[in-house]
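One-letter residues, chain by chain:
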Amino acid sequence: MSTDAEPGFVYLVGAGPGDPDLLTLRAAHLLRTADVILPDDLVSDEVLALASPTADIIPVGKRCGQPRITQAGIHALMLEHAQADRSVVRLKSGDPLVFGRAGEEIESLRAANIPFEIVPGISAAFAVAASLQTPLTDRTNASKLILATAHHAAGKVELTPSWSGSFPDAATLVIYMPGRDFAALSADLIASGIPPGTPCVAVSKATTPDEHICATTLVNLASAEVGPAPVILLIGHAIQLP
Ligand SMILES: C[S@@+](CC[C@H](N)C(=O)[O-])C[C@H]1O[C@@H](n2cnc3c(N)ncnc32)[C@H](O)[C@@H]1O
């Protein structure tokens, strides 16, 4: 039997891709029993609906239309509520440890001696692959799976030199936060050594009713009609669409 969210604890919880059926049992139980929930903007309303009616839900998404909250502001909220003896769920889309600044949040909790637990979730890469009904690896052509982002701390698309030689043969590459300059990204990836004809799928708003799939090749990504954010790219020969 799963224990309830405990006073004074912070839980870094993966909310998965949005469908509440894809939450872990632990995540669902913590959501039902936490006093305070701090969700990112990609966390779905259906997942938040599992929270206790008495829970204090404080959105901390950096694009949620509210005055922008800083990462330090999120740390302050976690600490403030935990130190007031409330149980806090810090709810992140997908898996909390994948491109979610979890390292900084863990550091702030450790520095303040706040006990915490991390609950994994289904990351976008795996949710998208399931939705597309494609494997991410293949014993004949993809023995490596690389999770990358085109976004770095300064918020710019990285340039060719930093990716040059990064991607081995026989790999599937998944790019989170690809930005919107697909021509530059395509050129950078080709310059890094990925063949231009490599299959590439851009999936927008995956696993939602507005999901948009754009199947193309790496070279044609430059002019492809990719849907609105959030978008994730799957690149490699293992990706098989019907
Ligand atoms: C800040 S990262 C968070 C990743 C998250 N921790 C995970 O494990 O999926 C946000 C990026 O994840 C990807 N993403 C998350 N949800 C998505 C969705 N429903 N459809 C497409 N991409 C998604 C996009 O690349 C988006 O820019």
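All values derive from a computational prediction rather than experimental measurement.

## Things to note about the overall build of the protein chain
Moving on, step 1. For the protein chain, the count of helices and strands is seven helices and 10 strands.
Moving on, step 2. For 242 residues, the compact-globule formula gives about 18 Å, and the C-alpha radius of gyration of the protein chain, at 19 Å, lands near that figure.
Moving on, step 3. In the protein chain, buried positions account for 45% of the 242 residues.
Moving on, step 4. Partitioning the contacts of the protein chain with sequence separation of at least 6, the portion at a separation of at least 24 is 69%.
Moving on, step 5. Looking at the protein chain as shown, the accessible area adds up to about 11,800 Å², and 56% of this sits on carbon and sulfur atoms.
Moving on, step 6. Placing the 15 positive and 25 negative side-chain charges of the protein chain at their respective mean positions leaves the two points 4 Å apart.

## Digging into the environment of R26
Moving on, step 1. One can find R26 in helix α1 (residues 25-33).
Moving on, step 2. A relative accessible area of 18% means that R26 is categorised as buried.
Moving on, step 3. For R26 and G236, which are 210 residues apart along the polypeptide, the C-alpha to C-alpha distance reads 34 Å.
Moving on, step 4. Look past the residues within four positions of R26 in its chain and what remains in contact with it is S2, T3, Y11, E117 and V119.

## What about the layout of surface pockets?
Taking a probe equal in size to a water molecule and rolling it over the atoms shows the remaining empty space.
Moving on, step 1. As a volume, the second largest pocket reaches approximately 220 Å³.
Moving on, step 2. Residue lining of the second largest pocket: 14 residues in total, with P168, A170, A171, I194 and P195 positioned closest to the centre.
Moving on, step 3. Classifying every residue of the lining of the second largest pocket gives eight nonpolar, five polar and one charged.

## Some remarks on the domain arrangement of the protein chain
Moving on, step 1. By the assigned domains, the protein chain splits into domain 1 (10-119) and domain 2 (124-235).
Moving on, step 2. Here the C-alpha centroids of domain 1 and domain 2 sit 27 Å apart.
Moving on, step 3. Taken together, the contacts link four residues of domain 1 with eight residues of domain 2.
Moving on, step 4. When domain 1 packs against domain 2, close to 540 Å² is buried across both sides, 82% of that on carbon and sulfur atoms.
Moving on, step 5. Put simply, domain 1 and domain 2 have zero salt bridges between them.
Moving on, step 6. Where domain 1 packs against domain 2, one counts zero residue pairs in polar contact (both at pLDDT 80 or more).

## Some remarks on the site of the ligand
Moving on, step 1. Around the ligand sit 16 residues in total, of which V98, S123, A124, M177 and V231 are the nearest.
Moving on, step 2. Within the contact set of the ligand, an oxygen atom lies 2.6 Å away from a side-chain nitrogen or oxygen of S123.
Moving on, step 3. Burial of the ligand by the protein chains amounts to 88% of its free accessible area of 570 Å².
Moving on, step 4. Class assignment of the residues belonging to the shell around the ligand gives a composition of 11 nonpolar, three polar and two charged.

## Focus on a negative patch on the surface
Moving on, step 1. Taken together, D19, D21, D45 and E46 make up a surface patch of like negative charges.
Moving on, step 2. By the element assignment, D21 lies in the loop between β1 (10-14) and α1.
Moving on, step 3. With a relative accessible area of 68%, D21 lands in the exposed category.

Rules behind the numbers
- Residues numbered from 1 in each chain as written.
- Predicted model: local features only at pLDDT ≥ 70, side-chain atom pairs only at ≥ 80, totals over all residues.
- Heavy atoms only, no water.
- Helix = DSSP H or I, 4+ residues; strand = E, 2+ residues; numbered from the N terminus.
- Rg over C-alpha atoms; globule rule 2.2 N^0.38 Å.
- Buried < 20%, exposed > 50% of the residue type's maximum accessible area, 1.4 Å probe, protein only.
- Contact = heavy atoms within 4.5 Å.
- Areas by Shrake-Rupley, 256 points an atom, 1.4 Å probe, with all protein chains shown as cover.
- Lys, Arg positive; Asp, Glu negative; His and termini not counted.
- Charge placed at Lys NZ, Arg CZ, Asp CG, Glu CD.
- 1 Å grid on protein atoms, 1.4 Å probe; cavity = no way out; pocket = protein on both sides within 12 Å on 5 of 7 lines; lining within 4 Å.
- Points joined across faces, edges and corners; volume = space filled by probe spheres on them.
- Nonpolar A, V, L, I, M, F, W, Y, C, P; charged D, E, K, R; others polar.
- Domains from an automatic or database assignment.
- Buried area = accessible area lost by both parts, 1.4 Å probe.
- Salt bridge = Lys/Arg side-chain N within 4 Å of Asp/Glu carboxyl O.
- Polar contact = N/O pair within 3.5 Å; in protein donor to acceptor, adjacent residues only side chain to side chain.
- Near = heavy atom within 4 Å.
- Patch = residues over 30% accessible without salt bridge, like charges linked within 9 Å, V, L, I, M, F, W, Y side chains within 5 Å.

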